[in-house]
Amino acid sequence: MRRLIYFVESNLVWFVIIVAGVGLILPESGKYLDSSIAPLLVILMFVISLTFDAHAVRIVFRKPSRQFLAMGLVYGPIQLQAS
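How each quantity is defined
Residues numbered from 1 in each chain as written. Predicted model: local features only at pLDDT ≥ 70, side-chain atom pairs only at ≥ 80, totals over all residues. Heavy atoms only, no water. Helix = DSSP H or I, 4+ residues; strand = E, 2+ residues; numbered from the N terminus. Areas by Shrake-Rupley, 256 points an atom, 1.4 Å probe, with all protein chains shown as cover. Lys, Arg positive; Asp, Glu negative; His and termini not counted. Charge placed at Lys NZ, Arg CZ, Asp CG, Glu CD. Patch = residues over 30% accessible without salt bridge, like charges linked within 9 Å, V, L, I, M, F, W, Y side chains within 5 Å. Salt bridge = Lys/Arg side-chain N within 4 Å of Asp/Glu carboxyl O. Buried < 20%, exposed > 50% of the residue type's maximum accessible area, 1.4 Å probe, protein only. Contact = heavy atoms within 4.5 Å. pLDDT = per-residue confidence, 0-100.

Helix and strand counts for the protein chain come out as five helices and zero strands. Secondary structure elements in the protein chain, listed N-terminal to C-terminal, are α-α-α-α-α. Reported as C-alpha extents along the three principal axes, the dimensions of the protein chain are approximately 40 × 35 × 20 Å. Entry remark: accessible area of the protein chain is about 7,600 Å², with carbon and sulfur atoms responsible for 73%. Distance between charge centroids for the protein chain: 15 Å, based on 7 positive and 4 negative side chains.

In structure tokens form, the structure reads like this:
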């Protein structure tokens, strides 16, 4: 289980970037994932909660600009897709 968590943690950013790129280039590909979006989000939140530590919170409080960058990277594409 630790190997799986480490693999997902190490490659999650690249997976998200690739999936977002494919979604922007081929928006019709999302129709195939429509029924599995909710379970995928549950798995994503579970994996993120397993990798959460207090050090990350300290980084956010010391450098809040990183949090704003992360929010922009998350919610920016959502707004592009919604329009």
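This paragraph deals with a positive patch on the surface. A cluster of like positive charges, contributed by Arg58, Arg62, Lys63 and Arg66, occupies part of the molecular surface. Position of arginine 62 relative to the elements: it lies in helix 4 (residues 54–62). Among the residues examined, arginine 62 registers a relative accessible area of 62% and is labelled exposed.

Moving on to the environment of isoleucine 17. In this fold, isoleucine 17 is placed in helix 1 (residues 2–25). For isoleucine 17 and phenylalanine 68, which are 51 residues apart along the polypeptide, the C-alpha to C-alpha distance reads 18 Å.

Here we come to a nonpolar patch on the surface. Together, Val13, Trp14, Ile17, Ile18, Val22, Leu24, Ile25 and Leu26 make up a nonpolar patch on the protein surface, roughly 850 Å² of accessible area in all. For tryptophan 14, the position within the fold is in helix 1. Judged by relative accessible area, tryptophan 14 falls into the exposed class, the value being 56%.

Quick look at the environment of serine 65 now. Summarising the element assignment, serine 65 is placed in helix 5 (residues 64–82). Spatially, the C-alpha atom of serine 65 lies 33 Å from that of serine 36, the residues being 29 residues apart in sequence.

With that settled, the discussion passes to the environment of valine 22. Mapped onto the elements of the fold, valine 22 is located in helix 1. If we skip the residues at most four places from it in the chain, valine 22 touches Pro27 and Ser29.

Turning next to the confidence of the model for the protein chain. Residues of the protein chain with pLDDT of at least 70 account for 98%, and the chain-wide mean is 82. Ranking the elements of the protein chain by mean pLDDT puts helix 2 (residues 30–33) last, at 76, and helix 1 first, at 86.

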